[in-house]
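Chain and residue survey
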Amino acid sequence: MIPPDGAPAPPSPLIPPLLKPGAGGDRVLPPLPGASDESGGAGPSGGSTTPDVNGAGADDEHFAPTPDMGGPLVVTSPGRTTVATDGLRTAIETAARIASGLGHAARRIHRAELVPHAPPLAATALAVHRAADAAGQLEGALREAVDRYTDAERRAWATFDATMSVEGALAGEAIGVGVRAGAVAAAALALLAGPLIAAGGLALLPSLRASLKGGAAGLGRFLVAHPQLLSNPRFVAVVRGIADGMDEAVGTAAGEPVALALIRGATGRTGPATSARLLMGLGPKVGLLEESPVDVQRVGRQQVTSPAVGAAERLARVPEDDQVRIEKYTAPGRDPRYVVYVAPTRTFDPQPEGEPFDLASNVGGVGGIDVGSIRATELAMKDAGITSSSQVQLVGFSQGGMVAARVAADGGWNAVGLQTFGAPSGNVTLPDGIQGMAVRNREDFVPALAGPQTDHHLLQVQRTVYADPSQMPTDQAAPGHQRVAYAATAEAIDAARSTEVRAQSAALDGFTSEYAELPGSTITAYSYHAVRRDGTG
Amino acid sequence: MIPPSDGALDAAGRAELLRLLVPVADELHDALHDPPTVSPGDWLGPASEACGRLETELRIRLLHAATAVDEALASVRGLS
C-alpha cells in the first residue's frame, strides 16, 4: 500500500512498518455452522436485505434529520477542483441543453421558410434565436460564477492551510512546554483552544479548562454538552488544518525549532499520514494504539433477492454488529462480482480490547498502515472468494469508508466502484477510472482528520445536514457524523438532478443490477466478524 | 400575428411545415416547463443578481418564442 502523502515513510524508529495481511499472524477461522457455502443452511432472506442494526433504530429516529432540513449538495468532479452545487450544475446543464436545442429549432424554421407559400417566419426565427442567445448567456454567467467561487475557495484554503501550519508549529511548541512542565491539561487546552475559538466557543474556554481537570472523561462530557461546537463547519475546517499541520506541532512539541518545522512542512513531504504514523509509533510506548493480529470468521450467509439501489440503500447495508458484509453476485457464464460493505468504528478506546475497528485502526489507517480493520476486511474478501481479478465495489461508513478507500487504492484488488460516507480518506490516492463518490457532511469533523482533500479521482459530495443549527440534536457529540445524518444526505443524493451525480449513482447501481437482471443470477450475502486475537473480544 | 402567406399552401407543404415546426414548439414548451433555476441555497456570490436577471430574461424570451411559434403553427393549420 502506498503511503497516502506520496512520500516514503521517514526512517524513524517511531514509525511502524506497513504490515501486510497475514504478516502479523492473522487467521481466518472456519465458518460458523450454516455460514459455509457447503452447508446449504441459509435460505432466502425473504426480500429483506437490510441489516436490522444500522444506526437508525427507534432511539435515533426521533432525532433523524430529513433531507429538506439540509443544504444543497456541493459537488466536485473527479479530476477537477471545480466546486458547485447540484442545483447549479443542473441549471448549467439545462441552460446548455436549451441553447443547443433552440439552435437546432432555429435551423428548422429557416428550412420551413423555404417551403413554397409558407407564411413569413422571419420574426418567429428571430424570437427563437433570441431565446437561444439568452439561454447561452445564462449558461456562461453560471459557469463564470462557479469558476469565481472555486477560485475564491481555493485561495481561501491556501491561505488557511499556510496559517494553520504556523499555528500548528506554535501550538506544538506551547504543548511541548506544557507537557515538559507536567501540565498535561494545559497542553490539551492549547491543542483544543484553536478549534473551539474558531467555532465560536471563546466564552466556553473556562468551562473547557475545568472539564480537562477530569481527564479524558471530563473532555468527553464537555464535548457532549456542546455538540454545536464539534459540528460547526469552522471547527471542522480547523480540525482539517490541525491534521495537516500536526506533524509540525509534534515536531515543535518535541523541541524542534518552529522555523525548521515550517521548512519541513513546506517541502510537502509531510502531512496527516506522517502525523498518524508518528502517533502509531509513540502510542504503544505508553500502552495506547497497539496493533495486534486479527481473527476473522464467517458468521452468516443468506440469499438476497435484490441489490441495493441508490446511496441510501447502500448505506443501510453497511453492517454494525459484524464488521464486514460481502455480497456475491453470480450470473451464468460470467465471473462473479462482489460488493464489500465495511462497518464504522466500534470503539474509540485507545487501548484495544479485542475490537479491530478501533481507534488504533482509525489513526493507523490515516497513516497508511495496514491496520487490523483493513487486514480483517481483506481476509474476509479472500475468504469470500474474491481474487485480484474479481470486480469489486466497496462501500463504507466512517472508518469503514477509510478501509474501503485503502482497499480500493491497493493494487492487489480490482476495485471498480467506491462509495464512502464520512470517511477520513481524503489523503488516499485512488486508482484512475474508479466510479462512485465520497460523501461528507459539512458538520462532520471525522473526514477532516485526514487533512485536506488531496485525491481527485472520485466525485466529492458535501452537504450541510442542519441548515438551521437550532435543529441539531443536543444529546450527541457529533450529530453530523451519525448514520442518520448520512442517511438524510444519501436521500438527497438519490434525488440529485445533475448529470455528474446521477451518472456516478447509476454506475454504482448498474454494477449489481446488470447481473441481478440476468436469468439464473444469484446474490449471496456473507457476514464476517473479526477480533484482535490478543484482546478480550 | 403572422402575415398571410403569398399563396395557397398545398397539403404536402403544410405537412412539411408541421413536421418542421411542431418539434420547435415542443422544445420551447419543454424549456418553459423546466427552465434553468437557481435556488437561494445555490451559492452564486456577487454573480447572484446578474444570474437572476439573465434567468428572468430567458423566461421572457422563451415565452415570446413559444408564442411566435404557436402563432406560426396556427397560421399553417389555418391555411388550405
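Data block above holds the structure.
Residues numbered from 1 in each chain as written. Chains lettered and ligands numbered in written order. Predicted model: local features only at pLDDT ≥ 70, side-chain atom pairs only at ≥ 80, totals over all residues. Heavy atoms only, no water.

Let's shift gears to the packing of helix 2 (residues 86-113) of chain A against helix 1 (residues 11-33) of chain B. Between two packed helices, what matters for the description is the angle formed by their axes and the separation of those axes. At a minimum axis distance of 9 Å, the contact between helix 2 of chain A and helix 1 of chain B shows a crossing angle of 155°. Here helix 1 of chain B runs roughly antiparallel to helix 2 of chain A, going by the angle between their axes. Crossing of helix 2 of chain A over helix 1 of chain B shows left-handed handedness. Of the residues in helix 1 of chain B, those in contact with A:Arg97, A:Ile98, A:Gly101, A:Leu102, A:Ala105, A:Arg108, A:Ile109, A:Arg111 and A:Ala112 of helix 2 of chain A are B:Leu17, B:Arg19, B:Leu20, B:Leu21, B:Pro23, B:Val24, B:Glu27, B:Leu28 and B:Ala31. When the residues that make up the contact of helix 2 of chain A with helix 1 of chain B are grouped by side-chain class, the tally is 12 nonpolar, 1 polar and 5 charged. (Axes fitted to C-alpha atoms, helices over the stretch in contact; angles between N-to-C directions. Helix = DSSP H or I, 4+ residues; strand = E, 2+ residues; numbered from the N terminus. Parallel < 35°, antiparallel > 145°, perpendicular 65-115°, else oblique. Left-handed = near helix turned anticlockwise from the far one by under 90°. Contact = heavy atoms within 4.5 Å. Nonpolar A, V, L, I, M, F, W, Y, C, P; charged D, E, K, R; others polar.)

Between chain B and chain A, the contact holds 43 residues from the first and 38 residues from the second. For the pair chain B and chain A, the summed buried area comes to about 3,200 Å², and 75% of that belongs to carbon and sulfur atoms. At the junction of chain B with chain A, the criterion picks out 1 salt bridge. Taking the shortest distance from any N to any O, the salt bridge between A:Arg497 and B:Asp34 comes out at 3.1 Å. Run the count over chain B and chain A and you get 4 residue pairs in polar contact (both at pLDDT 80 or more). Element by element, the count of residues in the side of chain B that touches chain A is highest for helix 2 (residues 48-78) of chain B, at 13 residues. Here the residues of the side of chain B that touches chain A sort into 28 nonpolar, 7 polar and 8 charged. (Buried area = accessible area lost by both parts, 1.4 Å probe. Salt bridge = Lys/Arg side-chain N within 4 Å of Asp/Glu carboxyl O. Polar contact = N/O pair within 3.5 Å; in protein donor to acceptor, adjacent residues only side chain to side chain.)

Residue and element names in this part refer to chain A. Examined against the element boundaries, Val392 turns out to sit in strand 7 (residues 391-397). With a relative accessible area of 0%, Val392 lands in the buried category. In this structure, the C-alpha to C-alpha distance between Val392 and Arg532, residues 140 residues apart in sequence, is 26 Å. If we ignore the near neighbours within four places in the chain, the residues touching Val392 are Tyr338, Val340, Met381, Ile386, Asn414, Ala415, Val416, Gly417 and Phe511. (Buried < 20%, exposed > 50% of the residue type's maximum accessible area, 1.4 Å probe, protein only.)

Looking now at empty space enclosed by the protein. Residues and elements named next belong to chain A. Under the criterion given, the structure shown has 1 cavity of 30 Å³ or more. Roughly 60 Å³ of internal volume is contained in the largest cavity. Elements that contribute at least two residues to the lining of the largest cavity include exactly strand 8 (414-421) and strand 9 (435-441). Residues of the lining of the largest cavity, tallied by class, amount to 6 nonpolar, 5 polar and 2 charged. (1 Å grid on protein atoms, 1.4 Å probe; cavity = no way out; pocket = protein on both sides within 12 Å on 5 of 7 lines; lining within 4 Å. Points joined across faces, edges and corners; volume = space filled by probe spheres on them.)

Here the focus is the sheet that holds strand 10 (residues 459-463) of chain A. Whether parallel or antiparallel, the strands of a sheet pair through hydrogen bonds between backbone atoms. Residues and elements named next belong to chain A. Ordered by their spatial adjacency, 11 strands build an open sheet running 1-4-11-5-6-7-8-9-10-2-3, and the pairing between neighbours is mixed. Looking at which strands have only one partner, the edges of the open sheet turn out to be strand 1 (27-29) and strand 3 (83-85). Adjacent strand axes in the sheet meet at a mean angle of 25°, parallel and antiparallel pairs treated alike. Pairing of strand 8 with strand 9, which is carried by 5 bridges, proceeds in the parallel orientation. Across the sheet, Leu418 pairs through a bridge with Gly436, a residue of strand 9. Contacts between helix 13 (residues 372-383) and the sheet are confined to strand 1, strand 4 (294-303), strand 5 (324-330), strand 6 (337-342), strand 7 and strand 11 (522-532), with strand 4 contributing the most and set at about 45° to the helix. (Pairing = 2+ DSSP bridges.)

The biggest cluster of nonpolar side chains holds 47 residues, and the ones touching the most others in it are A:Leu102, A:Val128 and B:Leu28. Of all the elements in the fold, those that place two or more residues in this core are helix 2 and helix 3 (122-180) of chain A together with helix 1 and helix 2 of chain B. Here this core takes 12 residues from helix 3 of chain A, the largest share from any one element. The next biggest cluster of nonpolar side chains, apart from the first, holds 42 residues, and it includes A:Ala276, A:Val340, A:Ala376 and A:Tyr528. (Core = buried A, V, L, I, M, F, W, Y, C linked by side-chain atoms within 4.5 Å.)

Right, let's get into the pairing of strand 10 of chain A. Residue and element names in this part refer to chain A. With 4 of 5 residues buried, strand 10 lies mostly within the body of the structure. Of the pairings in the sheet, the one linking strand 2 (residues 74-76) to strand 10 comprises 3 bridges and is antiparallel in character. When the bridges of strand 10 are listed, Val74 appears paired with Gln462. Both strand 9 and strand 10 contribute to a ladder of 5 bridges, which runs parallel. Within the sheet, the bridge partner assigned to Val439 lies in strand 10 and is Val461.

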